[in-house]
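Per-entry structural report
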Amino acid sequence: MQPVVYADFRCLQDPRYRVRGIGRHVAALFRTRRKSAFSTWKVVALTDPESPKLPPDIASLADEITCSTNPCIDSAPSVFIDGTPMTHDTRFSLRFLNHPHFFRAAVLHDFIPLDWPGYLPTLGHRTDYLAKLARLRKFDRFFPVSEYTAWRASELLGASRRQMTVTGSSVRSSLYKLRDRLELASDPCAQSEPYFVIVVATDVRKNPEVAIKAMRHLNLLYGRRIPLKVVGHYDHDYKNKLLQLAGSSKRSSFLEFHHNVSDRDLVKLYQGAIATVVPSHIEGFSLPVVEASVCGCPVVASTCAAHMELIDLEEALFASDDAAALCAKLEALLNNPVLRDSLRASQASLAQRFHQNGVGERFWTALETAIKHRHGPVVITKPQKPRLAFLSPYPPDESGVARYTAMTIRAGEHLFQSDLYTDAPRPLTFDGTFRDAGPVNLTPSLNSRYDGIVSVIGNSLCHANIFKVFERCGGPCILHDARLTQIYHLRLGEEGFLRFAARLLGRPVSVEEAYNWLQDRNPATLFLEPIIERASPLIVHTVTQQAEIEKRYGISPTVLPGCPNSYFAFDELTGSRKQAVREQHGIPPGAFLISSFGRVDPVKGMETCILALELLRSWKIPAELYFVGSAHVYSSEIDRIASLYDVASHVHAQTGFIDEDTYRDFVIASDAAIQLRTYGFGQFSASLADCISAAVPTIATSDLATSCDAPSYVKSVPDRFSPLQVAEQLALISEDQAARSSHEDARIAYLETHNFEYYGKRLIEVLGVG
């Protein structure tokens, strides 16, 4: 299997970090990966679906981009790289930090929020930062950008220096190319207005104030304008603050602001400057020092620890709070070109040391070495059977999905070990070998035992907490419904649902339009977008649904053929057994017994079934119709329609949940079944699959029959069906009530690939944990 690097790319989604040193460094590391031993590894970029999409140049650094932070764990070597472990929500990477299979690497930039006043103003901020520090102890290898950061990491974490490789921070290659391409400016000291450069940000520790004070004094001292060109990221208020500090109006100020400059303009600014001033009180690394050196511009910097790693000449250093000392240094450079050349020469070696290629080589080489010398093998020894966690409804939950999961776990006992997280009421009522791990929550992500964590998603409220976990972690998803309209409406409420729909469609959505969608009439979307975005892999149960999703969303999910929830031995399907069951349930002798299985609903053709029954009886066919499933809120509507057409005594329904024994009995006893859908989208029907597994002649809508791979004893009617079409097909079945044994070959062929043993085997293959 191909080894994988999982990398947290959130800092490259975030505009606040992407164009700063942090983001540029992380991007440069992955830009150089293809020149390393990791060139053959697959890089998976982990992203936050709520953040902006990655720009194309950043997206190209990864082989796959995913919103899922819940990968399946196979035997291939895997590395997790966190490029900014102290910035974003740490719950994002729980799966990677808690599973021993991953080799975990952290890029360390600084610990400034802890070391400089004002960054952590409240107890909540301090608690969060200390929690992130504690999280760092779970990493195997650290890549600080400076010796200073490495020293602080050792002090704060108790980590050995053997766990660390100081890489420096990457300077993007574009600056080097532009430097070599552009003509050098004339002697900066000989210009009519020689100038200095400072790079600022709206960050108190950057300390531009001392530079402005020094430059203000220098301008007063010489009685002429000596500009300080201000480059960086700042807002209008910050700009006005600096102008006020300069003590002059905007028009006459020695300050010149250069906002959002291109790399080309930045190189020109550096090349034309007498020097660059870097006055920070504290830094983890200082890119302006190196960038200026790359462009041939000497640097005068404060005496913080990170600067003193880069600059050793006293003439280029000053205390960060000493404006007078800085002014003297700048005046000396203004009047002494020889001194300027000397400083530039002494700092020239920085350019080569911190080119992104050199920094990247240090990073990837050290990571390769660390993996080879890791205590214990990279490929961990797994138990004979993979361990899976299922987040799913489960009996006694009264849903087909609950039973489907129960059957999956039971049949997979010899293939995988199962832990079940379910909100179903206890005690759980379906036998099977698994561990009841409690209610649905984030615990599986914290557990190091799981090779795969599978979320089972459906269109009812019993999946509500599964949605919450899945929306945070993503990962393998078994999608049981073709659309999720109703669940999102229930979860979000009407106003929230309308906003959600408008965001998905990029246009306003009216209440009337949404109401039609809730009735499964012409939905503009199936509301699968959040699931598709986070699922890895997405598993569906029909090729028709696969095609529908591919047509609508441009992705092709994996198909695991849907299975019947009920299986029948050959001797259960004999005429004598059928007759005995009919007598047990009081079916009138000679009746043509028609059943419709599953929860009763208008979208399942409830009214059509009753009207088809009325037609059959008018044709002197002694039909009896049983709704074998909870009629619930529709029981009074069934009574009304049946009474209206004078067939009330021949229509049978009950409001409660149908137990398994009764359900099986009616499958065996029925002469025919009706399974309809007023919508398509490739929805699988476990009830139709149950009818097929018992060789019951069944009438089904065309989409449903195709979706379920139905054999020839399932007769299809158009998706826009009428009672007459259904009645005519039932009449044909009534005329030719062949023994079920005549369908045995087709039934056996269907069950060869539509059974839970096959399903379980394919599941672990798809998850990649077999």
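The preceding data block contains the structure.
All of the points below concern the structure found in this document. As the structure is a computational prediction, the values presented were derived from the model and not from experiment. (Residues numbered from 1 in each chain as written. Predicted model: local features only at pLDDT ≥ 70, side-chain atom pairs only at ≥ 80, totals over all residues. Heavy atoms only, no water.)

1. Overview of helix 32 (residues 723-735)
Applied cut-off: Every helix listed is a DSSP run of H or I at least four residues long, and every strand listed is a run of E at least two residues long, numbered separately from the N terminus. The length a helix should cover is 1.5 Å for every residue beyond the first. Here the term buried applies to any residue with accessible area under 20% of the maximum for its type, exposed to any over 50%, and partly exposed to those in between, with areas from a 1.4 Å probe on protein chains only. Here the arc refers to the directions that run from the helix axis out to each C-beta atom. It only takes one pair of heavy atoms within 4.5 Å for two residues to be counted as in contact.
The end-to-end C-alpha distance of helix 32 is 18 Å, a good match for the 18 Å that 13 residues give at a rise of 1.5 Å each. The complete set of buried residues in helix 32 reads Val726, Ala727, Leu730, Ala731, Ile733 and Ser734. Angular distribution of buried residues about the axis of helix 32 spans 160°; they occupy a single face of the element. Residues of helix 32 that are exposed and point over 90 degrees away from its buried face: Leu732 and Glu735. The inward-facing, buried residues of helix 32 contact strand 20 (592-597), helix 27 (606-618), strand 23 (672-675), strand 24 (698-701) and strand 25 (714-717).

2. So, the environment of serine 536
Inspection of the secondary structure assignment puts serine 536 in strand 18 (residues 535-540). Sequence separation between serine 536 and cysteine 477 is 59 residues; the distance between their C-alpha atoms is 7.0 Å. If near-sequence neighbours (up to four positions away) are discounted, serine 536 is found in contact with Glu64, Thr66, Ser68, Gly475 and Pro476.

3. Description of the pairing of strand 17 (residues 475-479)
If a strand is regular, its side chains alternate between the two faces of the sheet. Put simply, the test is: Between any two strands, at least two bridges found by DSSP are needed for them to pair. Crossover handedness is defined by viewing with both strands directed away from the observer: a clockwise path from the first strand over the helix to the second marks the crossover as right-handed.
Counting buried positions along strand 17 gives five out of five residues, so the element sits mostly inside the fold. Here three bridges tie strand 16 (residues 452-457) to strand 17, and the two strands are oriented parallel to one another. Note that in strand 17 the partner of valine 456 across the bridge is isoleucine 478. Crossover strand 16 to strand 17 through helix 21 (residues 464-473) is right-handed. Direction of pairing for strand 17 relative to strand 18: parallel, over a ladder of three bridges.

4. Re the pattern of salt bridges
Stated precisely, the cut-off is as follows: By definition, a salt bridge exists where a carboxyl oxygen of Asp or Glu is found within 4 Å of a side-chain nitrogen of Lys or Arg.
Going through the model one piece at a time under the given rule, you end up with 45 salt bridges. In this structure, the salt-bridge partner of arginine 582 is aspartate 671, at a minimum N-O distance of 3.1 Å. With arginine 582 in helix 26 (residues 575-584) and aspartate 671 in the loop between helix 29 (660-669) and strand 23, the pair connects residues that are 89 residues apart, well separated along the chain. One salt-bridge network, in which partners are shared between bridges, spans Glu193, Arg225, Lys229 and Glu256.

5. Details of unusual backbone geometry
In the segment running from proline 395 into proline 396, the intervening peptide bond is cis, with an omega of 20°. Structurally, the position occupied by proline 396 is in the loop between strand 13 (387-391) and helix 19 (400-411). The peptide bond linking arginine 426 to proline 427 adopts the cis configuration, its omega dihedral lying at 5°. The topology assignment puts proline 427 in the loop between strand 14 (417-421) and strand 15 (435-438). One non-glycine residue, alanine 695, adopts positive backbone phi at about 60°.

6. Some thoughts on the pairing of strand 18
Summarising burial for strand 18: five of the six residues are buried, a large majority. Of the pairings in the sheet, the one linking strand 18 to strand 19 (residues 558-559) comprises two bridges and is parallel in character. From the neighbouring strand, valine 540 faces strand 19, where its bridge partner is valine 559. In this fold, strand 18 hands off to helix 25 (residues 543-553), which returns the chain to strand 19; that crossover is right-handed.

7. Considerations on a positive patch on the surface
Stated formally: A patch is a set of surface residues, each over 30% in relative accessible area and not in a salt bridge, joined within 9 Å for like charges and within 5 Å for the nonpolar side chains Val, Leu, Ile, Met, Phe, Trp and Tyr. The Shrake-Rupley method, run with a 1.4 Å probe, gives the accessible areas here. Residue values count only the displayed protein chains as cover. For the charge count, each Lys or Arg is scored as positive and each Asp or Glu as negative, with His and the chain ends excluded. Charge positions come from single atoms, namely NZ of Lys, CZ of Arg, CG of Asp or CD of Glu.
Where like charges cluster on the molecular surface, the positive patch consists of Lys35, Lys177, Arg181, Arg264 and Lys268. When contributions to the positive patch are tallied by element, the ones reaching two or more residues are helix 9 (173-181) and helix 12 (263-272). By secondary structure assignment, the location of lysine 268 is in helix 12. With a relative accessible area of 43%, lysine 268 lands in the partly exposed category.

8. Considering the sheet that holds strand 7 (residues 196-201)
Rules: Think of each axis as a best-fit line through the C-alpha atoms, taken over the contacting stretch in the case of a helix, with angles from 0 to 180 degrees between the N-to-C directions.
Strand order in the open sheet made by the six strands is 9-8-7-10-11-12, with parallel pairing throughout. Each edge of the open sheet is held by one strand with a lone partner, namely strand 9 (255-259) and strand 12 (317-318). One ladder, built from three bridges, connects strand 7 with strand 10 (residues 275-278); its direction is parallel. Note that in strand 10 the partner of valine 197 across the bridge is threonine 276. Set on the sheet, helix 13 (residues 287-294) makes contact with strand 7, strand 10 and strand 11 (299-302); between it and strand 11 the angle comes to about 170°.

9. A few points about the side chain of aspartate 520
In this structure, aspartate 520 sits in the loop between helix 23 (511-518) and helix 24 (529-534). The buried category is assigned to aspartate 520, whose relative accessible area is 7%. Excluding residues that lie within four positions of it along the chain, aspartate 520 makes contacts with Arg483, Gln486, Val603 and Tyr679.

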